[in-house]
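Here are the chains, one letter per residue:
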Amino acid sequence: MGYVPTFTYQAAVCHAPQFAPRSYRHFTVSPLTGAMGADVEGIDLSSASDAAIAELEQALTDHIALMIRGQENLTPPAQIAFARRLGHVGIWPYAKAMEGYPEITELIQEPGDKYAFGGTWHSDSCSFEHPPKYTMLHCVACPPVGGDTGFANQYLAWERLDPALKAELEHRRAIASGRLGYMTAASDAEVQSHTATPVSFRPEELLEVAHPVARTHPVTGRKALYVNSSYTLCLEGESQKQSLPLLRRLWEHAITPEFTCRLRWSRGALAIWDNRCCLHYAHSDYPGYRRHMRRIVVEGERPV
Ligand code: SIN
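Just so you know, these numbers come straight off a predicted model, no measurement behind them. (Residues numbered from 1 in each chain as written. Predicted model: local features only at pLDDT ≥ 70, side-chain atom pairs only at ≥ 80, totals over all residues. Heavy atoms only, no water.)

Visitor: What is the right way to look at the sheet that holds strand S6 (residues 132-141) in this model?
Guide: Within a sheet, each strand pairs with its neighbour through backbone hydrogen bonds, oriented either parallel or antiparallel. Read from one edge to the other, the open sheet built from 8 strands follows the order S1-S2-S3-S14-S6-S16-S5-S4, with strand pairing classed as mixed. What marks the edges here is a single partner per strand, and that holds for strand S1 (28-31) and strand S4 (97-98). With 8 bridges connecting them, S6 and strand S16 (residues 291-299) associate as antiparallel partners. Within the sheet, the bridge partner assigned to Pro132 lies in S16 and is Glu299. Where helix H1 (residues 50-63) meets the sheet, its contacts fall on S1, strand S2 (38-41), strand S3 (65-68), S6 and strand S14 (270-274), and the angle it forms with S3 comes to roughly 130°. Here helix H2 (residues 76-84) sits on the sheet in contact with S4, strand S5 (101-109), S6, S14 and S16, set at roughly 115° to S5. (Pairing = 2+ DSSP bridges. Helix = DSSP H or I, 4+ residues; strand = E, 2+ residues; numbered from the N terminus. Contact = heavy atoms within 4.5 Å. Axes fitted to C-alpha atoms, helices over the stretch in contact; angles between N-to-C directions.)

Below, the structure is given as structure tokens:
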């Protein structure tokens, strides 16, 4: 009896900066996996010099997601001030802002919550015309273990696609829709029954926009796959039904284990990532514990 092959091995991959991190004058960087991610120590974000911030942005470009330890004293105004040094700080419309700080969204999981907010693979707000380039979370509280944020390097995802498929997708666009978003519920009340994060669910804000299937990073010039199961509704010119077989293949490929890393939280740490070239995922594996993050997004360019 013949069998259909059910797996293929992943040929070795690496994201070069992980193996040759630059030496920085203002902090130390420890890469996490061969794909992406780094722990950063030795910088105080509330008093960093312009030169230190420029180095930090270089490290972010290289390693895609950074966990910056030791920011216990970063107040909400200081977090906003830090974010403004990286670009225009947007107001995120899908969650109620922190009292007195419209730029900050509080992501809160209470011990009894059913789902983690952001618990599907996505790139933030890609249904916006100008999705955020960076997202940062400052950890106010986290469980003793669990609650990691997972990431997947989408430069590698694009580069490792079958060449014929890449040629087919090179100039195509896909429709990103807030309708699918990671809050697919019908109302605030339904979302609120899943998470303590204070949501602000307004159907008129569920934008739809066509973005390239592979976008070019404005700084590195590299292409990154830019579709995900949380926002991508269909390929432009096709129905969702027609698009789904290929999209599902891309989504599965996008999160190949060799493309990923996980950032482990500690109280006071601040994580920041580049949404233009990675997906992320909030792990829901800490029932009975509280997790509290202060989130700010920095606006980006229209994807090309
Ligand atoms: C998010 O998707 O923005 C939240 C990620 C997390 O809480 O780990």
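Visitor: Would you take a moment to explain H1 for this structure?
Guide: Note that an α-helix has 3.6 residues per turn; residues three or four places apart therefore point the same way. For H1, built from 14 residues, the straight-helix expectation of 20 Å at 1.5 Å per residue is met to within 8% by its first-to-last C-alpha distance of 20 Å. The secondary structure elements touched by the buried residues of H1 are S1, S2, S3, H2, S6 and S14. (Expected span 1.5 Å × (residues − 1).)

Visitor: Would you take a moment to explain unusual backbone geometry for this structure?
Guide: Excluding glycine, residues mostly carry a negative phi; peptide bonds, for their part, are mostly trans. Here Ile64, not a glycine, exhibits a phi torsion of approximately 75°, which is positive. Examined against the element boundaries, Ile64 turns out to sit in the loop between H1 and S3. Judged by its relative accessible area of 0%, Ile64 falls in the buried class. Backbone geometry at Ser125 places phi at a positive 45°, although glycine is not the residue there. Within the secondary structure layout, Ser125 lies in the loop between S5 and S6. Judged by its relative accessible area of 1%, Ser125 falls in the buried class. (Buried < 20%, exposed > 50% of the residue type's maximum accessible area, 1.4 Å probe, protein only.)

Visitor: Would you mind showing me how to read empty space enclosed by the protein here?
Guide: Rolling a probe over the atoms, with the probe sized like a water molecule, indicates the empty space that remains. Counted by the stated rule, this structure contains 4 cavities of 30 Å³ or more. Roughly 110 Å³ of volume is contained in the largest cavity. Taken together, 14 residues form the lining of the largest cavity, with Leu107, Phe117, Gly118, Leu137 and His280 sitting closest to its centre. Taken together, the elements giving at least two residues each to the lining of the largest cavity come down to S6, strand S15 (278-282) and S16. Residues that form the lining of the largest cavity fall into these classes: 6 nonpolar, 5 polar and 3 charged. (1 Å grid on protein atoms, 1.4 Å probe; cavity = no way out; pocket = protein on both sides within 12 Å on 5 of 7 lines; lining within 4 Å. Points joined across faces, edges and corners; volume = space filled by probe spheres on them. Nonpolar A, V, L, I, M, F, W, Y, C, P; charged D, E, K, R; others polar.)

Visitor: Help me understand the site of the ligand, please; the structure alone is not making it clear to me.
Guide: If you check the shell around the ligand, you find Leu107, Gly118, His122, Asp124, Leu137, Thr149, His280, Ala282, Arg291 and Arg295 and nothing else. With respect to the ligand, the side chain of Thr149 contributes an N or O atom lying 2.6 Å from an oxygen atom. Residue Arg295 places a side-chain N or O atom 3.3 Å away from an oxygen atom belonging to the ligand. Compared with its free state, where it exposes 260 Å², the ligand has 100% of that area covered by protein. When atoms are counted within 2 Å of each cavity's grid points, the one that captures over half of the ligand is the largest cavity. Within the shell around the ligand, the residues separate by chemical class into 3 nonpolar, 4 polar and 3 charged. (Near = heavy atom within 4 Å. Polar contact = N/O pair within 3.5 Å; in protein donor to acceptor, adjacent residues only side chain to side chain. Areas by Shrake-Rupley, 256 points an atom, 1.4 Å probe, with all protein chains shown as cover. Sits in = over half its atoms within 2 Å of the grid points.)

Visitor: Quick question: what am I supposed to make of the sheet that holds strand S13 (residues 260-263) here?
Guide: Reading across from one edge, S13-S7-S15 is the order of the 3 strands in this open sheet, with antiparallel pairing throughout. Looking along the sheet, the strands with just one partner apiece sit at the ends: S13 and S15. Between one strand axis and the next, the sheet turns by 20° as a mean value, whatever way the strands run.

Visitor: Even after reading the chapter, I still don't get the pairing of S14, so can you show me in this structure?
Guide: The side chains of a regular strand alternate, residue by residue, between the two faces of the sheet. Counted residue by residue, S14 has 5 buried out of 5 residues, so it is predominantly covered. Alternating positions in S14 separate into two faces, Leu270, Ile272 and Asp274 on one and Ala271 and Trp273 on the other, with burial throughout. Relative to S14, S3 is paired through 4 bridges, and the arrangement is antiparallel. Within S14, the residue paired with Ile68 across the bridge is Leu270. Where S6 and S14 come together, 5 bridges link them in antiparallel fashion. Within S14, the position partnered with Tyr134 by the bridge is Asp274.

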